[in-house]
Amino acid sequence: SSKSEIFACQRLKNGNTFIGECSTGRLLEVNKKGEIVKELKIGEGDPYFMRNARRLDNGHYLVAHYGGKRVAEYDKKGNIVWEAPIAGGAHSVARLKNGHTVVAATDKAQDPKIIEFDKKGKIVWELSNADFENNPLQFMSGFQYLPESDTFLLTNWKGHNMQSDVPLILWVSRDKKILDSI
């Protein structure tokens, strides 16, 4: 049981589950019995401290810091070993097989986008409303990269009142074409 919102949950190869607690900054690994077998605290106090997080195969943690407007990779001891600023507020993050990091940026800077960084932190690809007519991106809350087709499935949060006309889900090609949306 947690007293924090949970935005990150990932089944690990060893059968355990990784959990990232939003406001406490706790990164947890829980076994099948529900017992905490590993805990790392990287910060706390800010209700928007962390959104999505992922445990990488090397044991490091990739964390989207929404309130801190950045994404960071932490080693097993909680030290930052890589980071990049995200003006719009990082909401989701993933590491691709080529070592690049993809981040979904929300609308804090009124410029929702998907950003891909290389290992050195240089932007190598970006997708924003500047690439489309009708501004279909509103609050990039998440994504799934589909390597077999080199495409992205994007999730678009419409806000608490859901009054926006933007699509909830977009399927977008690497060459920035919307293949489908709902």
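Residues numbered from 1 in each chain as written. Predicted model: local features only at pLDDT ≥ 70, side-chain atom pairs only at ≥ 80, totals over all residues. Heavy atoms only, no water.

## Examining the sheet that holds strand 12 (residues 123–128)
In step 1: The strand order 9-10-11-12 describes an open sheet built from four strands, whose pairing is antiparallel. Where the open sheet ends on each side, the last strands, each with one partner, are strand 9 (90–95) and strand 12. Here the average twist between neighbouring strands, direction ignored, is 15°.
In step 2: Across five bridges, strand 9 lies against strand 10 (residues 101–105) in antiparallel orientation. By the bridge assignment, A90 is partnered in strand 10 with A105. (Pairing = 2+ DSSP bridges. Helix = DSSP H or I, 4+ residues; strand = E, 2+ residues; numbered from the N terminus. Axes fitted to C-alpha atoms, helices over the stretch in contact; angles between N-to-C directions.)

## What about unusual backbone geometry?
In step 1: The phi torsion at N135 lies on the positive side, around 45°, for a residue other than glycine.
In step 2: Turning to its location among the elements, N135 is positioned in the loop between strand 12 and strand 13 (140–146).
In step 3: On the basis of relative accessible area, N135 is assigned to the partly exposed category, the value being 46%.
In step 4: Even without glycine at this site, K176 takes up a positive phi of about 70°.
In step 5: With respect to the element layout, K176 can be found in the loop between strand 15 (169–173) and strand 16 (178–181). (Buried < 20%, exposed > 50% of the residue type's maximum accessible area, 1.4 Å probe, protein only.)

## Side note on the sheet that holds strand 4 (residues 36–41)
Within a sheet, each strand pairs with its neighbour through backbone hydrogen bonds, oriented either parallel or antiparallel.
In step 1: Spatially, four strands are ordered 1-2-3-4 in an open sheet, and the strand pairing comes out antiparallel. Strand pairing shows two members of the sheet lacking a second neighbour, strand 1 (6–11) and strand 4, which therefore form its edges. On average, adjacent strands in this sheet sit at an angle of 15° to one another, irrespective of strand direction.
In step 2: Of the pairings in the sheet, the one linking strand 2 (residues 17–21) to strand 3 (residues 26–30) comprises four bridges and is antiparallel in character.

## Remarks on the nonpolar core
In step 1: I114, L127, F143, F152 and L154 are the most contacted members of the largest nonpolar core, which totals 15 residues.
In step 2: Of all elements in the fold, only strand 10, strand 12, strand 13, strand 14 (151–156) and strand 15 reach the threshold of two or more residues within this core.
In step 3: The dominant element in this core, judged by the number of residues it contributes, is strand 13, at three residues.
In step 4: In this structure I114 touches V102, V103, A104, W125, E126, L127, M140, F143 and L154, once residues within four positions along its chain are discounted. (Core = buried A, V, L, I, M, F, W, Y, C linked by side-chain atoms within 4.5 Å. Contact = heavy atoms within 4.5 Å.)

## Some points on the environment of K122
In step 1: Position of K122 relative to the elements: it lies in the loop between strand 11 (113–117) and strand 12.
In step 2: Counting along the chain gives 32 residues from K122 to L154, while the straight-line C-alpha distance between them is 22 Å.
In step 3: Discounting chain neighbours no more than four positions away, the residues touching K122 are E116 and F117.

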